Every structure is written in C-alpha cells, then in structure tokens.
Amino acid sequence: MKNLAVAMLAVLLGLSQAAAVSTSFFEDTEAADFKKGQYEDVLISNAGYITLGQTSEVLLGDRADVSAVYAIDQLSDGAVVAGTGPDGKVFKHVDGAWQELFKADQPYVVSMAVGASDKLYVGTAGDQGLIYEIAPDGQSKRIFQREGVNYIWALLLVDGGRLLAATGPNGQVFQIDESGASEVFSCEQKNIIAMTGGREGMVYLGTDTDGILYVLEPDGGKYRSRALYDAQEDQISALTADPDGIVYFATASGKAAPGEARAFLERAPGSPATQPSGASGSGAENSGNANQTTMAAPSRSASSSPAMGRVPSGNGKQNAVYRLDRLGFVNEVYRDQLDFNDLLFHDGALYAGTWPDGWVFEILPEREEVRTAAKAEAKFVYDLAPGRNDALLVATGSPGGVIRLGPGLAGTGTFTSQVFDAEQIAGWGNIFGEFADACAPDVCPQVQTRSSAIQDDDDPAWSAWSEPRSLCEPQRILSPSGRFIQYKITFAPKGDATARLSAVKIAYLVPNQPPLIESLQVLRPGERPGGNKMNSVPPPPQPQPNGPAPKLRQYKLMWKASDANGDTLTYDLYARLAGAPYWFRIDQDLQPTNYQWDPTAAPDGEYIFKVVASDRQDNPPDMAMESARVSDPVLVDNTAPRVVGLETERLETGDLLVKANLVDELSLIEKAYIRINAQDEWLYLAPADGIYDSRSEYVETIVPVPDEGPVLISIKVDDDSGNTGFGQMIVPEAVPVPAQTAAEASEQT
C-alpha cells in the first residue's frame, strides 16, 4: 500500500491551503464493500479484489413453455441439450436456435446423461419417474418405469454402458442395462437426490432427509455400500469429483435464509476452517444390492413438489461445501446462507450453483478462495455442465434459461459502486486505486464519477458521469460538489490479462459546520433526569434516629452535543439571574458533557444557564465555530425555611398538642421532624392536610412528655432546595391536677 499512501499524502497537502478541518475518505477495501455495488461481467473474490469476469451469453430465455431448466448437457458436436418443466420438454440448441427434441409423458425432465454415439438419457419427475433413451435423430423409447418410483433425481453412466438412476421417494438406486433394470441399493432416506462417479468405479450418493453420504463400491458385478458421512445439514444435494479422486459434496435445507449470499465476503483466505472429521469406516459395509444398512435414521417426509426441482423440507440453516479426500477425511471448504443445488469440478476449479439468489460461485479449494463467477437473473441455478472449449453451461429456473460462461474473458466489465453519503455538501479531492498485482497500463481499468444532492441514484438530479480516466494514477474528481457520490470502474482485457483491483478510496472535505447542542437539562439537588424528585413522596411516620441524611446542595448540568465534522468539542458554562443583563462564567474548556455546580454562594432567585460548544481545538481561530443553548429558569434557594407560631397546649391526658406553621419564601416545604428534649430520635411530622405541596404548611401533633420538669420542643423542616430550618420552644413544668374522688367522678357521670 506504499504507493497509495504516498499519493494520498500528496493530494491531501494540495486539497486546500485553508482546509484545517479533517479530510475524510470513502473506501471500498474488502469484498463486502464491493458486494454493495452493481456489476456486470465482473467477479468479486473473498481475497478482497474485483476483476474482469468470463464472457457470458444467454442461450435460452423468455420462453413461455419453460419455467425452469433442470438438467443440461452438451453433445459431441457441441449442441446443447436441456431438460425443462413444466411441459416435460427436451430442447436442443442448433445453429443459434432451440429445437424441441422430445416431450416426455411427465411434466418435469430433471436429470440427464449423454452416452456413446450421443445417445441421450433423460429422467422425469411427476406421478411417475420415467427414463427415456433418445437417439440423435429424436427417436425415443422408454427404458425404465417402476411402481412406486416418482422421481429420477440423477443419472450416471458407468463402465460397460450401464446406467444408474438415483430415485425417490423410496431411496433406491437402479441399474439399467440390456438385460433390464434391477435395484442395486436402497436406504431408509426417502430420496437420493445427488450422484457422481469417482475413482475405481466407485459411486457416491447423497440423500435428502438426514443428509447421508453413501458410497457404492464395485464388487464382482454388484455393489457393496457404506455410509461415509452424516452431515449436520438436512440434505446432501450435490456431488462432483476431481481428476485425482477427491470428492466434493454440498448441502441444502430447502429454505435458504433471507438475503443474498454473504459468507464468501466475510471469510478471507487463510481463516480457520472446520477440523477434518473421519469419514471412512463410519458405516457398516453391505454386499449385494445393499438393501440393509446400519446407518439409518428415522424416516422423514420429503417434498412432493417437483415444480421446484430438488426441493426438500428444510429449516433455513446455513449450508456448506465439503471435501472428502482419498483417506476418507472430510473438511469444510465453504459455508454460506443459501442452498447448493449443483457442483461441478471444471477446468481446475470447483463451481457451485445456488438458490434463492441465482449465484454461481467459483471455488479454488487449495487457495481457500471463493469468487462470484456469475449472478443469474433467476432465483435458481439447477444444473452445471462443461461446455465446448472449457465453457461452463448454467441451467436456471424462475425464470428458466441457459447461460454459457466463457471461454475467455469478457470484452468489458463494469462495476458501479454503492452511493456514498458525506452527510453534508462536500468538495471532492482525488480518487485512488490499489491493485493486487502490478497494474500494466494496457489493462488499467478506467474510472468515472458522478455526484448529487439526492440519494436516489435513479434521480435525474445526478450529474453526468465524468469522462473515463486511468485508475493506475490518482485522478482529481471533476464531479461537482454534492452530498452523494458514486464511482464506476470499467475493466478491459489485453489478451488473457486483466487487472485485479483491491481498493478504491475517495478523498472529500466537508466545510466546517457549527456544533449542535441537542439538549440542556439542569437538575436541582435530589432531582432525577426528567424532573422527578428522588424523594417526592414522604415516608410514613417512623423513628429517625439521626434525622434525615444531609443533602447534596450541588446542581447537575447535563447536555448532549455533536459535530458534523467529527471535531473535538469543548464547552464553556455561564449563568445569570433571570432578568439580569449579564452572564457570569462558571467554568470553561470542559470536555465532559455534565457538570456539578455548587450554588451555596449565589443569591436566591431564578437562574438561567448557558452552555457554549466550540470546535476550536480542531480548527484555526478564523475557522472555528461555536453554538450555544440556554436552559429553562431554575430556582436557586439558599435560605432556610422557618418555623412560625410554634405553640403548645397541655391536654388533660398530660400530653402536649404542638402546633406550628412552616414557611419558605421560594421553595416548597418537603418534610418536617419533631424531637422532645434533644433526644436522639426525630419523629416524622405530617402536615395537617396530609401532603407537603406548598411554601406554607400547618402542622400539629400530640406528643407524650415526661411527668416532671420543663419540656424542650424542637422542629426541623426541609425545603425542596435542600435547606433546613429549625424552631424551638420550652414548655414550663406542668402544674399537677388533683385526683378526683370517686364521688366526684360518679357525679360528673
């Protein structure tokens, strides 16, 4: 990245002599970033680059009688044949046109194999699973029909011209030869939906429910079977093998999770993969037709809807591509949030077709690299097949079609970035490109930009694309200032060479914006955010051994502020009495967004507070900006409440009736307590009307007193500003009252 860093430093120094605000960058530096753009004939690698893709040509599309192409292959003369639904037709592509070669008695042709002399074998799905042999001239005959077989999921030609058929819904494999058809394998799973040939005549099978991988090993004209692997996913939906005998298999759930494929963008080459698990010997061997196997799981119902191709009942889990080596160990190659419909090892790479987003991935297992080979304009990629001159044939569904990828690189490919948002009107600097290899001038991609004040990239308010220029050198962006910007890259090959672009960066500068103070709140002592008092409801009368806890007198100021430029903000605090013309400063150069203020020395009255936010720390004096916000008036009361008119009355019981008025000039009376003879206990004193809610409260209470001596009555009163006042009086010793005689008491009664 050295060259890019030097170039970026140079352009930043030249952006603006006055540009003391920080320069910002939009960056596409990872596969996940590039995935947010739009691309045509461009592939994206999880290694973090984009490059020119293969040529692509739509061979079949927009046919009303074809909703899906389930099977595809190529004859020796280069003609492409396709099995389709929902009308059960087989088409042949000759001289640039499609001809109907055959029409089955069932609605779906879902499997295909090409034999000697271009004999074509096709299997159907529907009420009956049928197999037809079709001659090059279109003459056909039915060669397989069996009671209870509804689906011919896969066909495979093996030694001696024998044909194997993987079927459902009873989990059987049949062998068809000149002598007829015979069952060579069965299992408890309902559908065998994938099949491929391997080294030494071995045949590998994948099931729907339970996701079991089986192998059939030739044994004297018969097959011996073993269960090799029990996948954690629902089904083993695709199988292929490379020339060295390495087997790859993939899984499906039948219900891919929402959203497009994403895992290949998140796992870079070299990141940890799953540990290998032993596969060989994991199941019991069977001989003969392998009707019995110890690798059995409870039967589960499979899908009965062939209209979706190989669609089982699934649960939307992630699915994976696995590698089975010659020693029987299984490693995970790639995992993603979609279903894999088909695998094909072709021209040194592994290709995977998927749904529900119609991806074709190119997987390079030895390099742990995954690339987007194609994104079909269809939900399903059902089948992959090798084409002439190393081309790749792709069969799709919803809509049904056939695409040919390759051979060779596309003539051009374009990548259009996501829309970048500066959040304010911005000035543009340079656009930079970084490449995975040295960028030769004759393959250097061309870059264009455009800008707008409107985010919708289809809006006509966007500027025109700038003229194409080489991305091998930093280029000044010529698009007008705006809030939004896009770039477009055009790749072109030179022979078999093309560029691999690994990073694009755009320098931009947003003019300095004033800070924004969103809120300012001042909390009086004991007040919670939102204005509620912590102790607004008086407690029930109870002893208070040491009186109420002393209150904090500090006011708490809290504010929220932001800066559009991301500048560091500092704050100055001010206050003034309501109606006064001048502000006095409380503190300055603060960075926290809260402050404790002690009002003890301030005169009583209503105060207004002001916070001033400034970005001066990140800007020169002539460019620094500030903004201010003032609070609502807040009461400051440092004067204690008073106890007025304290008096007592001796009751006949000998107790004292205590009466008093509690008065405060500014604040509400919050609570009061009474104490007799300076004892340790304070008793809660309730107001006469039952609630403390005004600046004047009347209280009265009856208190027991000692039988002898004078009595000291003390009252303590708190206001809601945290002030405490006291009142006292001494009641002289009471004169004893003579006891009544029994006769006097009777007379009074």
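Predicted, not measured: the structure shown is a model, and the values here were computed from it.

Peer 1: Outline the overall build of the chain, supporting the account with residue identities and numerical values.
Peer 2: Looking only at helices and strands, the chain has four helices and 56 strands in total. Looking at the chain as a whole, 50% of its 749 residues qualify as buried. Looking at the chain alone, contacts between residues at least 24 apart form 60% of all its contacts between residues at least 6 apart. Total accessible area on the chain is roughly 34,200 Å²; 48% of this is exposed by carbon and sulfur atoms.

Peer 1: Quick rundown of the nonpolar core? Include the residues and the values.
Peer 2: Membership of the largest hydrophobic core comes to 29 residues, with the highest contact counts inside it found for Phe26, Ile50, Tyr487, Ile489 and Leu501. Taken together, the elements giving at least two residues each to this core come down to helix 2 (31–34), strand 3 (42–45), strand 4 (49–52), strand 35 (420–435), strand 39 (482–491) and strand 40 (500–509). With six residues, the top contributor of residues to this core is strand 35. For Ile489, the contacting residues outside a window of four places in its chain are Gly413, Thr414, Phe415, Pro445, Gln446, Val447, Leu471 and Leu501. Formed by 23 residues, the second largest nonpolar core is a distinct cluster that contains Leu646, Ala672, Tyr673 and Tyr692.

Peer 1: Summarise the environment of Val630; cite the residues concerned and give the values.
Peer 2: With respect to the secondary-structure elements, Val630 resides in strand 48 (residues 626–630). Every residue in contact with Val630, bar those within four places of it in the chain, is listed here: Leu520, Trp583, Ile608, Phe609 and Lys610.

Peer 1: Requested: an account of the sheet that holds strand 51 (residues 656–663), with residues and values cited.
Peer 2: Taking strand neighbours across the sheet as the criterion, the three strands line up as 50-51-54 in an open arrangement whose pairing is antiparallel. Two strands bound the open sheet, and with one partner strand each, they are strand 50 (642–650) and strand 54 (696–703). Averaged over all neighbouring strand pairs, the angle between strand axes comes to 15°, with direction disregarded. Pairing of strand 50 with strand 51 involves seven bridges; the strand directions are antiparallel.

Peer 1: Describe in detail the state of the cysteines, supporting the description with residues and values.
Peer 2: By the definition in use, this model includes one disulfide. Paired through a disulfide, Cys444 and Cys472 show a sulfur-sulfur distance of 2.1 Å. Taking the sign of the S-S torsion, about 135° here, the bridge from Cys444 to Cys472 comes out right-handed. Of this pair, Cys444 sits in the loop between strand 35 and strand 36 (446–452) while Cys472 sits in the loop between strand 37 (469–470) and strand 38 (475–476); the two residues are 28 residues apart in sequence, bridging distant segments of the chain. Among the residues examined, Cys472 registers a relative accessible area of 24% and is labelled partly exposed.

Peer 1: Outline the sheet that holds strand 19 (residues 203–207), supporting the account with residue identities and numerical values.
Peer 2: Within a beta sheet, neighbouring strands are joined by backbone hydrogen bonds and run either parallel or antiparallel to one another. Reading across from one edge, 18-19-20-21 is the order of the four strands in this open sheet, with antiparallel pairing throughout. In this open sheet, the two strands that pair with only one neighbour each are strand 18 (192–197) and strand 21 (222–230). Neighbour-to-neighbour, the strand axes of the sheet open up by a mean angle of 25°, direction not taken into account. Where strand 19 lies against strand 20 (residues 212–219), four bridges are found, and the strand directions are antiparallel. Paired with Leu205 across the strands is Tyr214, a residue of strand 20.

Peer 1: Talk me through the pairing of strand 20; I want residue IDs and the actual numbers.
Peer 2: Most of strand 20 is tucked away, with six of its eight residues classed as buried. Judged from the eight bridges that link them, strand 20 and strand 21 form a sheet pairing that is antiparallel. Bridge pairing in strand 21 places Leu213 opposite Tyr229. Hairpin connection, strand 20 to strand 21: the antiparallel pair is bridged by two residues, and Gly220 has positive phi, about 65°.

Peer 1: Any chance you could break down the confidence of the model for the chain for me, citing the residues and the numbers?
Peer 2: Do not read the predicted coordinates in detail wherever pLDDT is low. Per-residue pLDDT for the chain averages 85, and the proportion of residues at 70 or more is 83%. Long-range and interchain partners of residues 1–19, a stretch whose pLDDT sits below 50, account for 22 contacts in this model, where long-range means more than four residues apart. Predicted confidence for residues 256–267 stays below pLDDT 50, and this span has 42 contacts to residues more than four positions away or in other chains.

Peer 1: Before we move on, could you go through the pattern of salt bridges and cite the residues and values that matter?
Peer 2: With the rule as written, the count across this model stands at 23 salt bridges. The salt bridge partner of Arg371 is Glu362, with a shortest N-O separation of 3.0 Å. Of the residues examined, Arg371 reaches a relative accessible area of 16% and is grouped as buried. Where Glu649 meets Lys659, a salt bridge forms, and the shortest distance between an N and an O atom there is 3.7 Å. Taken together, the residues Glu649 in strand 50 and Lys659 in strand 51 connect sequence positions 10 residues apart. One salt-bridge network, in which partners are shared between bridges, spans Arg63, Asp65, Lys89 and Glu100.

Peer 1: Give me the lowdown on the environment of Pro732, citing residues and values where you can.
Peer 2: Position of Pro732 relative to the elements: it lies in the loop between strand 56 (724–731) and helix 4 (742–748). Assessed through its relative accessible area of 58%, Pro732 is described here as exposed. In the structure, Pro732 is positioned 20 residues away from Leu712 in sequence and 8.9 Å away in space, judged by C-alpha atoms. Ignoring sequence-local partners within four residues, the contact set of Pro732 consists of Arg650 and Pro710.

Peer 1: Please set out the pairing of strand 6 (residues 66–74) residue by residue, giving values where relevant.
Peer 2: Buried residues dominate strand 6, accounting for eight of its nine residues. Sheet analysis places strand 6 next to strand 7 (residues 80–86), joined by seven bridges and oriented antiparallel. Bridged to Gln74 within strand 7 is Val80.

Peer 1: Give me the side chain of Asp118: which residues, what numbers.
Peer 2: Summarising the element assignment, Asp118 is placed in the loop between strand 10 (108–114) and strand 11 (120–125). In this structure Asp118 is buried but unpaired, with Lys92 as the nearest side chain of opposite charge at 6.8 Å. Setting aside residues up to four positions removed in sequence, Asp118 forms contacts with Leu75, Ser76, Asp77, Ile134 and Pro136.

Peer 1: Hey, could you go over the packing of aromatic side chains for me, with residue numbers and the actual values?
Peer 2: Within the structure shown, the criterion is met by 28 aromatic pairs. Seen in terms of ring centroids, Tyr70 and Tyr108 are 5.9 Å apart; in terms of plane orientation they differ by 80°. Their pairing is edge-to-face. Within this pair, whereas Tyr70 is found in strand 6, its partner Tyr108 is found in strand 10, the two being separated by 38 residues in sequence. A residue is classified by how much of its surface remains accessible, and Tyr70, at 3% relative accessible area, is buried.

Peer 1: So what about the environment of Thr209? Which residues, and what values?
Peer 2: Within the secondary structure, Thr209 is located in the loop between strand 19 and strand 20. Sequence-wise, Thr209 and Gln235 are 26 residues apart; in three dimensions their C-alpha atoms are separated by 5.6 Å.

Peer 1: Describe unusual backbone geometry, with residues and values.
Peer 2: A cis amide bond, omega 10°, links Gly168 with the succeeding residue Pro169. Relative to the assigned elements, Pro169 resides in the loop between strand 15 (162–168) and strand 16 (172–177). Each neighbour pair has its own omega, and for Trp355 with Pro356 the value is 15°, a cis peptide bond. Checked against the element boundaries, Pro356 lands in the loop between strand 28 (349–355) and strand 29 (359–364).

What counts and what doesn't
- Residues numbered from 1 in each chain as written.
- Predicted model: local features only at pLDDT ≥ 70, side-chain atom pairs only at ≥ 80, totals over all residues.
- Heavy atoms only, no water.
- Helix = DSSP H or I, 4+ residues; strand = E, 2+ residues; numbered from the N terminus.
- Buried < 20%, exposed > 50% of the residue type's maximum accessible area, 1.4 Å probe, protein only.
- Contact = heavy atoms within 4.5 Å.
- Areas by Shrake-Rupley, 256 points an atom, 1.4 Å probe, with all protein chains shown as cover.
- Core = buried A, V, L, I, M, F, W, Y, C linked by side-chain atoms within 4.5 Å.
- Pairing = 2+ DSSP bridges.
- Axes fitted to C-alpha atoms, helices over the stretch in contact; angles between N-to-C directions.
- Disulfide = S-S within 2.5 Å.
- pLDDT = per-residue confidence, 0-100.
- Salt bridge = Lys/Arg side-chain N within 4 Å of Asp/Glu carboxyl O.
- Lys, Arg positive; Asp, Glu negative; His and termini not counted.
- Phe/Tyr/Trp six-rings, centres within 6.5 Å; stacked < 30°, edge-to-face > 60°.

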